[in-house]
Amino acid sequence: MSDCLFCKIAAGEIPSKKLYEDDRLLAFYDIDPKAPTHFLVIPKEHISGAGEITAENSSIVAYAFETIARLAKELGLSSFRVVTNWGEQAGQSVPHLHFHVLAGRDMTWPPG
Ligand code: 5GP
Ligand code: ZN
């Protein structure tokens, strides 16, 4: 999608601090971290968010979580939280599916 920020980051048109990349997804550090470790995992394919997961595109979700588990091990994270916001009320600000991975501090529950 030509006017999507995360499509541009996935294409390398906008720079990011990359943690991992392959042909299907990209992991990069959040520009405004909310925890000592805060990175985002996005599919390279444009999916607008968790509310648009279908039988046709859902395999990327499993692959994203597989990648998150591997990266967490590589980073030595013993605990982490995965968050995805869908829609304005939930706080989604970039309409391209992304999983926040937050770690390195105590977290409260429920989230605000
Ligand atoms: P959302 O609010 O949609 O759940 O999450 C979007 C996230 O993208 C936010 O945490 C925000 O800090 C991050 N973000 C927005 N623009 C950029 C950018 O240009 N580069 C990076 N690395 N992160 C960004
Ligand atoms: Zn996009």
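Scope of this entry: the structure provided in the associated data block. (Residues numbered from 1 in each chain as written. Chains lettered and ligands numbered in written order. Predicted model: local features only at pLDDT ≥ 70, side-chain atom pairs only at ≥ 80, totals over all residues. Heavy atoms only, no water.)

## Structural notes on the site of ligand 1
Part 1: Inspection of the region around ligand 1 gives 16 residues, with Asp-30, Asn-85, Ser-93, His-98 and His-100 positioned closest.
Part 2: In the model, an oxygen atom of ligand 1 is placed 2.8 Å from a nitrogen or oxygen of the His-98 side chain.
Part 3: Burial of ligand 1 by the protein amounts to 83% of the accessible area it has alone, namely 530 Å².
Part 4: Its atoms largely coinciding with the cavity grid, ligand 1 occupies the largest pocket.
Part 5: Listed by contribution, the elements that provide at least two residues to the shell around ligand 1 are α1 (5-10) and β2 (25-29).
Part 6: Residues of the shell around ligand 1, tallied by class, amount to eight nonpolar, six polar and two charged. (Near = heavy atom within 4 Å. Polar contact = N/O pair within 3.5 Å; in protein donor to acceptor, adjacent residues only side chain to side chain. Areas by Shrake-Rupley, 256 points an atom, 1.4 Å probe, with all protein chains shown as cover. 1 Å grid on protein atoms, 1.4 Å probe; cavity = no way out; pocket = protein on both sides within 12 Å on 5 of 7 lines; lining within 4 Å. Sits in = over half its atoms within 2 Å of the grid points. Helix = DSSP H or I, 4+ residues; strand = E, 2+ residues; numbered from the N terminus. Nonpolar A, V, L, I, M, F, W, Y, C, P; charged D, E, K, R; others polar.)

## Some thoughts on the pairing of β2
Part 1: For β2, the tally of buried residues reaches four of five residues, placing the bulk of the element in the interior.
Part 2: Here three bridges tie strand β1 (residues 18-21) to β2, and the two strands are oriented antiparallel to one another. Bridge pairing in β2 places Tyr-20 opposite Ala-27.
Part 3: Hairpin connection, β1 to β2: the antiparallel pair is bridged by three residues.
Part 4: As defined by bridge partners, β2 adjoins strand β3 (residues 37-43) across five bridges and the pair is classed as antiparallel. By the bridge assignment for β3, Ala-27 is matched with Val-41. (Buried < 20%, exposed > 50% of the residue type's maximum accessible area, 1.4 Å probe, protein only. Pairing = 2+ DSSP bridges.)

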